[in-house]
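# Tertiary structure, described
The chain contents come next:
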Amino acid sequence: MHSIRYTLHRCTLLLALVVTTQAYASVPTLTYSASTFNESAANIGTINNAAPIIIVLSAGDTFTGLNGNDLVEQEKIVVTNLPAGLTVMATRISAETLSVTMTGTAANHASANSVSNLTFAFQNSAFTGNNAGNVTNSTKNNLAVTFLDPVENALSFDGSNDVVSVSASSSINLSQGTWEAWVKVNSLSHHNRIIFKEGADNNGKYELYILDNSLSGSIRADVVVGGVRYNAISSVNASTDTWTHIAATFDSTDLKIYVNGVLRGTTTIDGAPAAIDANTGSLGIGGGVNPTDSRMEGSVDEVRIWNIVRTASEISADMNNTNLSPSTTGLQAYYQFNHGTAGGTNTGLTTLYDATSNANNGTLNNFALSGASSNYIANDNTALPVELTSFTASINARDVKLVWATATELNNYGFEIER
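Here the structure is a predicted model, which means the values were calculated and not measured.

Quick notes on the rules
- Residues numbered from 1 in each chain as written.
- Predicted model: local features only at pLDDT ≥ 70, side-chain atom pairs only at ≥ 80, totals over all residues.
- Heavy atoms only, no water.
- Helix = DSSP H or I, 4+ residues; strand = E, 2+ residues; numbered from the N terminus.
- Buried < 20%, exposed > 50% of the residue type's maximum accessible area, 1.4 Å probe, protein only.
- Contact = heavy atoms within 4.5 Å.
- Areas by Shrake-Rupley, 256 points an atom, 1.4 Å probe, with all protein chains shown as cover.
- pLDDT = per-residue confidence, 0-100.
- Phe/Tyr/Trp six-rings, centres within 6.5 Å; stacked < 30°, edge-to-face > 60°.
- Lys NZ or Arg CZ within 6 Å of the ring centre and 35° of its normal.
- Core = buried A, V, L, I, M, F, W, Y, C linked by side-chain atoms within 4.5 Å.
- Polar contact = N/O pair within 3.5 Å; in protein donor to acceptor, adjacent residues only side chain to side chain.

### Observations concerning the overall build of the chain
If you tally the helices and strands in the chain, you get 2 helices and 26 strands. Scored against the burial criterion, the 419 residues of the chain give a buried share of 44%. Sequence-distant contacts, at least 24 apart, represent 65% of the contacts inside the chain between residues at least 6 apart. By element, 50% of the accessible surface of the chain is carried by carbon and sulfur atoms, the whole surface being about 20000 Å².

Structure below.
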């Protein structure tokens, strides 16, 4: 009798051990390295792929296909709630690993357009086991795409070796066109180059700069045509610590310079009409890329390069528009400088993004990218040039008398009356 009881007890114990082992069998699981896709920079609409999201499949199952396959393109992953304009790629980099990135530009990319319900649904065909229902996290519906509201930043240059370099591109190799920027120069102890487009000989072919104190801070635009350098010099000069809008146009005959939307100088070239000499080299902002003299000491914002000749009214109308559409006709490169944290630590932000589809992105060279200078800073160009307190008009016979008073005037060179 004792022997029978022992045998039954032993059988029960073995059965319990078997059941316990089956209950704790491993289940294939998808693990995500992160859950948020972040915008490259404020108000850009592209996603930062420097650190892609990695998805790892564990516990025995593997991904189907070959390394390099895109499981989204193959419809092995169904993606929903993706912001319009973006495309997801889930690239197989090993039997157990996917690298997920996004391409394209979001159609709407303010903070309010961020999503927190981006969903990846793996299909049976994604797994060697052909059973997505047996894989933990095979459907993940809480991924996020985060956009940043635009900031109004500018870029501070130290006057020593700071420069933004833009690689040669046919879209900004001008034969005629318009180039413009907002500038606040800190010192006139040396020339300050703003825009400098080089030729194969590293010399500037179309330029914009402010001359030093010995030349009274003259504002000047240059072109080289037929090997001859021509310049248009503004009738008004630059002042330190004052934001000034400067634009130049060349229409194959006349080189014109505008200051704060007003035409201030014109030079007619010899042998017109003719094109600007080949300018197939780099574009420098804040100085030349290869010539290292005359680097900008001050701040630059809203740099635009056009392959069309903008009219005076167009320049004046758009110079204060910091949200100009990147698809505006003729706009070949548009740098808004709205990156980083003003005066903060921005050491990883060495790319200046071109807002147009041409992607003429620049590289920040030698910037400290920390502190109040040689860094992204807040654009303090917020005051209106003139604050009127009164304005009256009265008729006296055939004359009209205008009387006005101002409370403040910033960077105002005078008043022009138009009929």
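Here the narrative resumes, following the displayed structure.
### A short note on the confidence of the model for the chain
Mean pLDDT over the chain stands at 89; residues scoring 70 or higher make up 89%. Note that residues 1-24 has pLDDT below 50 and, in this model, 0 contacts with residues that lie over four places away or in other chains.

### Concerning the packing of aromatic side chains
Counted under the stated rule, the structure contains 5 aromatic pairs. Ring centres 6.2 Å apart and planes at 25 degrees place the aromatic pair Phe 63 and Phe 122 in the stacked group. Placement of the pair is Phe 63 in the loop between β3 (53-58) and β4 (77-80) and Phe 122 in strand β7 (residues 115-122), with a sequence separation of 59 residues. Summarising the burial analysis for this pair, Phe 63 and Phe 122 share the class buried. The side chain of Lys 140 reaches across the aromatic face of Tyr 32, ending 5.2 Å from its centre. If you follow Arg 310 out to its NZ or CZ, it ends over the ring of Trp 306, 3.9 Å from the centre.

### Digging into the nonpolar core
Judged by nonpolar contacts, the single largest core of 46 residues is most densely connected at Trp 179 and Ile 195. Residues Ile 53, Ile 77, Ala 90 and Val 145 belong to the second largest nonpolar core, which totals 29 residues.

### Observations concerning the environment of Asn 290
Secondary-structure assignment places Asn 290 in the loop between β19 (283-285) and β20 (297-306). Taking C-alpha positions, Asn 290 is 6.2 Å from Asn 202, a pair spaced 88 residues apart along the chain. Beyond its immediate chain neighbours, meaning those up to four positions away, Asn 290 contacts Glu 198 and Asn 202. Here Glu 198 takes part through its side chain, which lies 2.7 Å from a polar atom of the side chain of Asn 290.

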